[in-house]
Amino acid sequence: MSESNEIDNLLHESRRFPPSDEFRAQAVAKADLYTTADADPQAFWAEKARDLHWHTPFTQTLDWSNPPFATWFDDGELNVAYNCLDRHVLAGNGDRVAFHWEGEPGDSKTFTYAELTAEVKKAANLLTALGIRQGDRVAIYLPLIPEAVIAMLAVARLGAIHTVIFGGFSAESIRDRVNDAEASLVITADGGYRKGRAFPLKPTVDKALAPDEAGQATTVKKVLVVKRTGDETSVAGWQEGRDLWWHDEIAQVDSEHVAKPFPAENPLFILYTSGTTGKPKGILHTSGGYLTQVAFTHKNVFDLKPETDVYWSTADVGWITGHSYVVYGPLANGATEVIYEGTPDTPHPGRWWEIIQKYKVSILYAAPTAIRTFMKLGRQIPQQFDLSSLRLLGSVGEPINPEAWVWYRDVIGAGKTPIVDTWWQTETGAMMISALPGITTLKPGSAQIPIPGIAIDVVDERLHSTGPDQGGLLVVTQPWPSMLRGIWGDPERYVDTYWSKFGPTTYFAGDGARRDKDGDIWLLGRVDDVMNVSGHRLSTAEIESSLVSHPMVAEAAVVGASDETTGQAVVAFVITKASHADDAAKDDAAAVLRAHVAQQIGAIARPRQVFIVNELPKTRSGKIMRRLLKDLAEGREIGDTTTLADTSVMTAITDTMR
Ligand code: WT7
């Protein structure tokens, strides 16, 4: 289906789901949130910030005198980990479960708030013993095991900065991130479990930290290794003096640790994400404003009752959803959650539903890709499990098509749970657009309205609001507490990327959107060269440069083609070098290049298809017209080719694709 058809279908979606009286009566969010926030957004956020524990209360809310550089609650001091841990124990909730962790092989572990606090205190002492201080960078490359959460909170507790690198990323990706952040410590594991198999992680770290061709080492001094799989071959590259076992070290440290206050604007983490160039951006988030907005949205959007709910976000901590809605939001709210290490279909396709049944999950937060995959497998799989504990469903990462939305509600939500479709980004730190359950009448396919206290507009190129049902660009017109504070080490790129298109007070999100007659917002996908595959962001430029780095490749163009399951899929068009014509002629050239990208960046970047072509469509100035390649990749009639330098190119490419 072509993109414009999809958009038309979306706009004709007419199903409406008003909140039930029952849900409304018990909902956390009340409609006055909007009126209070509208009246004075800064006072609103200040009030929400005061729900946290401040060692030193703030007196200033927002400083926006030097846009786009903002500070929130600047003269206040807090400790993020204390807010997620000690505070709940001191309030008498130490026996409440913080999380039930489920390993892929079926092992499991439960941590109460008291137990998690104790573990984080020990880990903080361990990191201190290893020399970690406020502002130091710690890279975390772990499977989704309890130590991932413990390590993040321990780093936060010390006022240091974590940069979590998704366990699927390659050695090169780790190296780039470690170098950019100048990390002094890496926390990893021997391996993890995925798709029923143990996979190694430590060898990838060894490779990432090895001196490069120029003999240049990284800034990493120590590597802490969690034993997860026990696979000896994973630790064959052990370096005495550099590598340490987590379990050995943690056994030797003191169990008491007093959390010190840090300024509200103390950096909390750097999370790398793809942009429109080949170099990933280190998105920087700080403490007080970030925690305020993640806690507020987690509570109100998910209607959280910490005493009774069991919340499960299926995201990995390697992505922003894992930071904001697995670690910081839920734990700041004293929630009980489920954390699952593995893949949804291991050892059987009902694993997710089995987990929901086992822990009586009441709130589920998942990605549309997963929902569409389950939809394809059929409702008979979830129907074998008791899902009656579910009372709210969430969606994130990409637009959820109305068909998947309705299936999600009918099959998983017994035809009655509200669904919140939450729009946000790594950069926004927390949710920005979503329905509030119990208040909003739900519309399948639309992310709906800004969160209270958030100012969003859909505009044309001249920053004029577009009329009802007219497409435009999504912008945020007021600063918000959890906004990114910058790109690590590159203030210029921060300004250029997000705050230059419309001036320094308007944040340009990179998404196209449309507002309907009711004021509900429909997201229409990225307007830049960023792809969204299974809710994960990939850059066309990054994959192109990976392809071009292969000796066989002369030129490459990558597009995100719409894909029924993953939203978009990576499709590459490649010209091979004449000198490698023989290699390229081999049937497996495409397979070699797909593997090359997976090896260089990570499996999620592996192209769905690689087409070896003789030419690429270019304008007279030599710019590749990816729009036309996208038409081809999506099997659509090719659009306007009049600006092509050579109009016969498209026919030639179509021929080679056959
Ligand atoms: C991009 C951000 C937010 C955490 C996961 C992705 C797309 C995100 C939605 C949604 C339509 C969405 C946007 C955005 N996106 N949520 N509910 N509806 N599109 O974080 O990797 O920073 O990607 O994901 O295109 O810009 P991310």
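Keep in mind that what you see is a predicted model, and the values were worked out from it rather than measured.

Q: Is there a simple way to think about unusual backbone geometry in this case?
A: Generally, phi is negative for residues other than glycine and the peptide bonds are trans, each holding for most cases. Of the consecutive residues Pro67 and Pro68, the connecting peptide bond is found in the cis state with omega at 5°. By the element assignment, Pro68 lies in the loop between β1 (62–66) and β2 (69–72). Note that the residue after Thr346, namely Pro347, is joined by a cis bond; omega there is 0°. As for its placement among the helices and strands, Pro347 is situated in the loop between β17 (336–340) and α14 (351–359). The residue Lys360 is not glycine, and still its phi comes out positive at about 50°.

Q: Got a minute to help me understand the site of the ligand in this structure?
A: Near the ligand, the surroundings consist of 18 residues, among which Asp421, Thr422, Thr426, Asp511 and Arg537 are the closest. Note that an oxygen atom of the ligand is positioned 2.7 Å from one of the side-chain N or O atoms of Arg537. Its free accessible area being 550 Å², the ligand has 95% of it covered by the protein chains. Broken down by secondary-structure element, the contributors of at least two residues to the shell around the ligand are α13 (320–332), β20 (419–422) and β25 (521–526). A breakdown of the residues in the shell around the ligand according to their chemical character gives 6 nonpolar, 7 polar and 5 charged.

Q: Any chance you could explain empty space enclosed by the protein here in plain terms?
A: Over the atoms, a rolled probe matching the size of one water molecule traces out where space is still vacant. Going through the model one piece at a time under the given rule, you end up with 1 cavity of 30 Å³ or more. Of the pockets and cavities examined, the largest cavity occupies roughly 60 Å³. Residue lining of the largest cavity: Leu78, Asn79, Val80, Ala156, Gly159, Ala160, Phe262, Asn266, Pro267, Leu268 and Ser287, and that is the complete set. Residues belonging to the lining of the largest cavity are distributed by class as follows: 7 nonpolar, 4 polar and no charged.

Q: Would you explain the domain arrangement of the chain in this entry?
A: Parsing the chain into structural domains produces domain 1 (21–512) and domain 2 (534–657). Taking only C-alpha atoms into account, the centre of domain 1 sits 33 Å from that of domain 2. The partner domain 2 presents 18 residues to the 25 residues of domain 1 that form the contact. Together domain 1 and domain 2 conceal approximately 1600 Å² of surface at their shared face, both sides included; 44% is due to carbon and sulfur atoms. Run the count over domain 1 and domain 2 and you get 1 salt bridge. By residue number, the principal contributor to the side of domain 1 that touches domain 2 is helix α15 (residues 368–377), which donates 4 residues. When the residues that make up the side of domain 1 that touches domain 2 are grouped by side-chain class, the tally is 4 nonpolar, 14 polar and 7 charged.

Q: Hey, could you run me through the pattern of salt bridges in this one?
A: Here the idea is simple: oppositely charged side chains can pair when their charged atoms come close. If you walk through the whole model with that rule in mind, you get 37 salt bridges. Between Glu102 and Lys358 there is a salt bridge, with the nearest N and O atoms lying 3.0 Å from each other. One end of the pair, Glu102, is in strand β4 (residues 97–102); the other, Lys358, is in helix α14, and 256 residues separate them in sequence. On the basis of relative accessibility, which here comes to 5%, the residue Glu102 falls in the buried class.

Q: Would you explain helix α4 (residues 41–49) in this entry?
A: Turning to α4, its buried residues are Phe44, Trp45, Ala46, Lys48 and Ala49. At its buried positions, α4 is contacted by α3 (32–39), β2 and α12 (288–301).

Q: For this particular structure, what's the right way to read the sheet that holds strand β16 (residues 310–313)?
A: Paired through backbone hydrogen bonds, the strands of a sheet run either parallel or antiparallel to each other. Pairing in this open sheet of 7 strands is mixed, and the strands run β5-β4-β17-β16-β18-β19-β20 from one edge to the other. Looking at which strands have only one partner, the edges of the open sheet turn out to be β5 (108–112) and β20. The sheet shows a mean angle of 15° between the axes of neighbouring strands, taken without regard to direction. Where β4 and β17 come together, 4 bridges link them in parallel fashion. Bridge assignment links Phe99 to a residue of β17, and that residue is Glu337.

Q: Would you take a moment to explain the packing of aromatic side chains for this structure?
A: In this description, a pair of aromatic rings is defined by centroid distance and the angle of the planes. One pass over the structure, following the stated rule, counts 34 aromatic pairs. Measuring from centroid to centroid gives 4.7 Å for Phe302 and Tyr365, while their planes differ by 70°, and the two rings are edge-to-face. You can see Phe302 sitting in the loop between α12 and β16 and its partner Tyr365 sitting in strand β18 (residues 363–366), a full 63 residues away along the chain. Residue Phe302 shares its accessibility class with Tyr365, and that shared class is buried. A centroid spacing of 6.0 Å and a plane angle of 90° characterise the contact between Tyr325 and Tyr365, whose relative ring orientation is edge-to-face. In this pair, Tyr325 sits in helix α13 while Tyr365 sits in strand β18, placing the two residues 40 residues apart along the sequence. You can call Tyr365 buried: its relative accessible area is 1%. An aromatic cluster is present here, built from Trp64, Phe69, Trp480, Tyr494, Tyr498, Trp499 and Tyr507 joined pairwise through their rings.

Cut-offs applied
- Residues numbered from 1 in each chain as written.
- Predicted model: local features only at pLDDT ≥ 70, side-chain atom pairs only at ≥ 80, totals over all residues.
- Heavy atoms only, no water.
- Helix = DSSP H or I, 4+ residues; strand = E, 2+ residues; numbered from the N terminus.
- Near = heavy atom within 4 Å.
- Polar contact = N/O pair within 3.5 Å; in protein donor to acceptor, adjacent residues only side chain to side chain.
- Areas by Shrake-Rupley, 256 points an atom, 1.4 Å probe, with all protein chains shown as cover.
- Nonpolar A, V, L, I, M, F, W, Y, C, P; charged D, E, K, R; others polar.
- 1 Å grid on protein atoms, 1.4 Å probe; cavity = no way out; pocket = protein on both sides within 12 Å on 5 of 7 lines; lining within 4 Å.
- Points joined across faces, edges and corners; volume = space filled by probe spheres on them.
- Domains from an automatic or database assignment.
- Contact = heavy atoms within 4.5 Å.
- Buried area = accessible area lost by both parts, 1.4 Å probe.
- Salt bridge = Lys/Arg side-chain N within 4 Å of Asp/Glu carboxyl O.
- Buried < 20%, exposed > 50% of the residue type's maximum accessible area, 1.4 Å probe, protein only.
- Pairing = 2+ DSSP bridges.
- Axes fitted to C-alpha atoms, helices over the stretch in contact; angles between N-to-C directions.
- Phe/Tyr/Trp six-rings, centres within 6.5 Å; stacked < 30°, edge-to-face > 60°.

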